[in-house]
Amino acid sequence: MAIKVSPLSDDVAFGARISGVTSAVLGDERVRDQIRTVFEDRGLILFEGVEPSGRMHVDISNVFGQLKDHPVPSVARVDQETMPGVIDMPHYPELGGFVEIEGQTLASWLPWHFDHCYNNELNRAGVLRAITVAPEGGLTLFADGVQLYRSLSPELRARIEGCNILYTLNLAFDDMRFGRPPTLRVLDVRESQKEVIDYAKTLPRAVHPAVWTRADGEKVLHISPWMSAGIEGQEDDAGDALLHAICDEIAEKVQPYAHRWSTNDMLIWDNWRMLHAVSGMDPSYSRRMQRTTIKGDYGLGYFENGGVGDKILEMTV
């Protein structure tokens, strides 16, 4: 049972496209091994032309490991009996949650980040699919931390190496300290987020390295501008200036892949390596995505001052 593997895009050095995937094909362990090898090497896989179903979503996800539930209670779940671990992320105009950037009002906008940076453990990956596609906009963007490390200026690279970044579960864009677009204005916050935002202020901050080294020896610049709170041990003007400079350089030098969705696509990215963002769209459009989360941890994160986490931060105790 053959699958076809090809480059993701001529414009980026990471990622791959895979076609020919069916549930029957995924029953072949040799194929599963091949897919996992591509994922480890390329950091992102776009599965093209797959059956647009929750069952296929789970089948593809299971190739990469055990699924885990999302920690935030306000995130909607799909049927946990038949599709455990699948979360629902809809935007309908009446739900709200709008920002303005460069004078344009946008819904479903998200800044550059990696998932669950606010937890001591980092999930291995996310698998995303589109249920409802906006007629324009609503693109998901991906950036490779290996490429970002290589493109970082030597002076900044030397200064950030060995630093650890502090993160907190802060969904409020108006409190975004680092990497904030200069023209960003928050117009409306979803009601479902407000309780989480308030509760998260009572929880310990997570700490993750700004740069880490993969098993293949490649170094990864892995900084989430969204939810970053500062540099551990350098929460002063100099430390903040350094983190601002790094986030500004990420925005300047990032070479992203921007995915325009089809309902026959599913996409997995390496959460230990990649950053992602969402371009936003006209608030009058509807957009509905579903995602699974692959359990795992790279073992480099911890809570500040020996803090203890909470269910909302994916703790299992």
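We now turn to the structure provided with this report. No experiment lies behind these values; they were computed from the predicted model shown.

Conventions we followed
Residues numbered from 1 in each chain as written. Predicted model: local features only at pLDDT ≥ 70, side-chain atom pairs only at ≥ 80, totals over all residues. Heavy atoms only, no water. Pairing = 2+ DSSP bridges. Helix = DSSP H or I, 4+ residues; strand = E, 2+ residues; numbered from the N terminus. 1 Å grid on protein atoms, 1.4 Å probe; cavity = no way out; pocket = protein on both sides within 12 Å on 5 of 7 lines; lining within 4 Å. Points joined across faces, edges and corners; volume = space filled by probe spheres on them. Nonpolar A, V, L, I, M, F, W, Y, C, P; charged D, E, K, R; others polar. Expected span 1.5 Å × (residues − 1). Buried < 20%, exposed > 50% of the residue type's maximum accessible area, 1.4 Å probe, protein only. Arc of directions from axis to C-beta. Contact = heavy atoms within 4.5 Å. Polar contact = N/O pair within 3.5 Å; in protein donor to acceptor, adjacent residues only side chain to side chain. Core = buried A, V, L, I, M, F, W, Y, C linked by side-chain atoms within 4.5 Å. Phe/Tyr/Trp six-rings, centres within 6.5 Å; stacked < 30°, edge-to-face > 60°. Salt bridge = Lys/Arg side-chain N within 4 Å of Asp/Glu carboxyl O.

Concerning the sheet that holds strand 8 (residues 104-113)
Two pairing modes exist for strands in a sheet, parallel and antiparallel, and in both the strands are linked by backbone hydrogen bonds.
Thinking step 1. The strand order across the open sheet formed by six strands is 12-7-8-19-10-17, and the pairing between neighbours is antiparallel. Looking at the sheet topology across the chains shown, the edges are occupied by strand 12 (185-186) and strand 17 (257-259).
Thinking step 2. The pairing of strand 7 (residues 98-101) with strand 12 spans two bridges and is classified as antiparallel. What sits directly across from Val 99, in strand 12, is Val 186.

Structural notes on the layout of surface pockets
Thinking step 1. There is about 490 Å³ of room inside the second largest pocket.
Thinking step 2. Around the second largest pocket sit 21 residues that line it, and Ile 101, Trp 109, Pro 111, Trp 112 and Pro 181 are the ones nearest its centre.
Thinking step 3. Among the secondary structure elements, those contributing two or more residues to the lining of the second largest pocket are strand 8, helix 6 (237-253) and strand 19 (274-281).
Thinking step 4. If you tally residues by element for the lining of the second largest pocket, the top one is strand 8, at six residues.
Thinking step 5. Residue composition of the lining of the second largest pocket, grouped by class: 15 nonpolar, four polar and two charged.

Description of helix 1 (residues 29-42)
Thinking step 1. The first and last C-alpha atoms of helix 1 sit 20 Å apart over 14 residues, in line with the 20 Å expected at 1.5 Å per residue.
Thinking step 2. If you check which residues of helix 1 are buried, you get Val 31, Arg 32, Ile 35, Val 38 and Phe 39. Down the axis, helix 1 shows its buried residues gathered within 125° of arc, on one side only. Seen from the open side of helix 1, the exposed residues pointing more than 90 degrees away from its buried face are Arg 30, Thr 37 and Asp 41.
Thinking step 3. Buried residues along helix 1 sit against strand 1 (4-7), strand 2 (16-19), strand 3 (44-47), helix 2 (54-62), strand 9 (125-132) and strand 18 (266-270).
Thinking step 4. With a side-chain oxygen positioned 2.9 Å from the backbone nitrogen of Arg 30, the residue opening helix 1 is Asp 28.
Thinking step 5. Positive phi shows up at Gly 43, right after helix 1, with a value of about 85°.

Details of the sheet that holds strand 13 (residues 206-209)
Thinking step 1. Ordered by their spatial adjacency, four strands build an open sheet running 16-11-13-21, and the pairing between neighbours is antiparallel. At either margin of the open sheet sits one strand with a lone partner, and together these are strand 16 (228-231) and strand 21 (302-303).
Thinking step 2. Here three bridges tie strand 11 (residues 164-167) to strand 16, and the two strands are oriented antiparallel to one another. Considered in strand 16, the bridge of Ile 165 is made with Ile 231.

Overview of the nonpolar core
Thinking step 1. Of all hydrophobic cores here, the largest spans 50 residues; its most connected members are Ile 160, Leu 221, Ile 223 and Ile 246.
Thinking step 2. Ranked by residue count, the leading element in this core is helix 6, at five residues.
Thinking step 3. For Ile 223, the residues in contact, after removing those within four places along its chain, are Phe 114, Ile 160, Ile 165, Tyr 167, Ala 210, Leu 243, Ile 246, Cys 247, Ile 250 and Leu 275.
Thinking step 4. Core analysis: the second largest hydrophobic core is formed by 26 residues, Val 25, Val 58, Ile 268 and Ile 294 among them.

Re the packing of aromatic side chains
Thinking step 1. For the structure on display, the rule yields eight aromatic pairs.
Thinking step 2. Plain terms: the ring middles of Phe 114 and Tyr 167 are 5.5 Å apart, the flat faces sit at 75° to each other, and that makes the pair edge-to-face. With Phe 114 in the loop between strand 8 and strand 9 and Tyr 167 in strand 11, this pair connects stretches of sequence that are 53 residues apart. Judged on exposure class, the residue Phe 114 and its partner Tyr 167 are both buried.
Thinking step 3. Seen from their ring centres, Trp 212 and Tyr 298 are 5.4 Å apart, and the 85° between their planes marks the pair as edge-to-face. Residue Trp 212 is located in strand 14 (residues 211-213), and its partner Tyr 298 is located in the loop between strand 20 (287-294) and strand 21; the two are separated by 86 residues in the primary sequence.

Focus on the pattern of salt bridges
Thinking step 1. Within this structure, the stated rule accounts for 22 salt bridges.
Thinking step 2. Glu 40 serves as the salt-bridge partner of Arg 124, at 2.8 Å between the closest nitrogen and oxygen. Separated by 84 residues along the polypeptide, Arg 124 in the loop between strand 8 and strand 9 and Glu 40 in helix 1 bring together distant segments of the chain.
Thinking step 3. The class of Glu 40 is partly exposed, set by a relative accessible area of 36%.
Thinking step 4. Of the charged contacts in the structure, one is a salt bridge between Glu 155 and Arg 159, with a shortest N-O distance of 3.2 Å.

Looking at helix 2
Thinking step 1. Within helix 2, seven of the nine residues are buried, which leaves the element mostly enclosed by the surrounding structure.
Thinking step 2. Inspection of helix 2 places Gly 54, Met 56, His 57, Val 58, Asp 59, Ile 60 and Ser 61 among the buried residues, and these make up the whole buried set.
Thinking step 3. On its buried side, helix 2 packs onto strand 3, strand 4 (67-68), strand 9, strand 18 and strand 20.

By themselves these figures say nothing about function.
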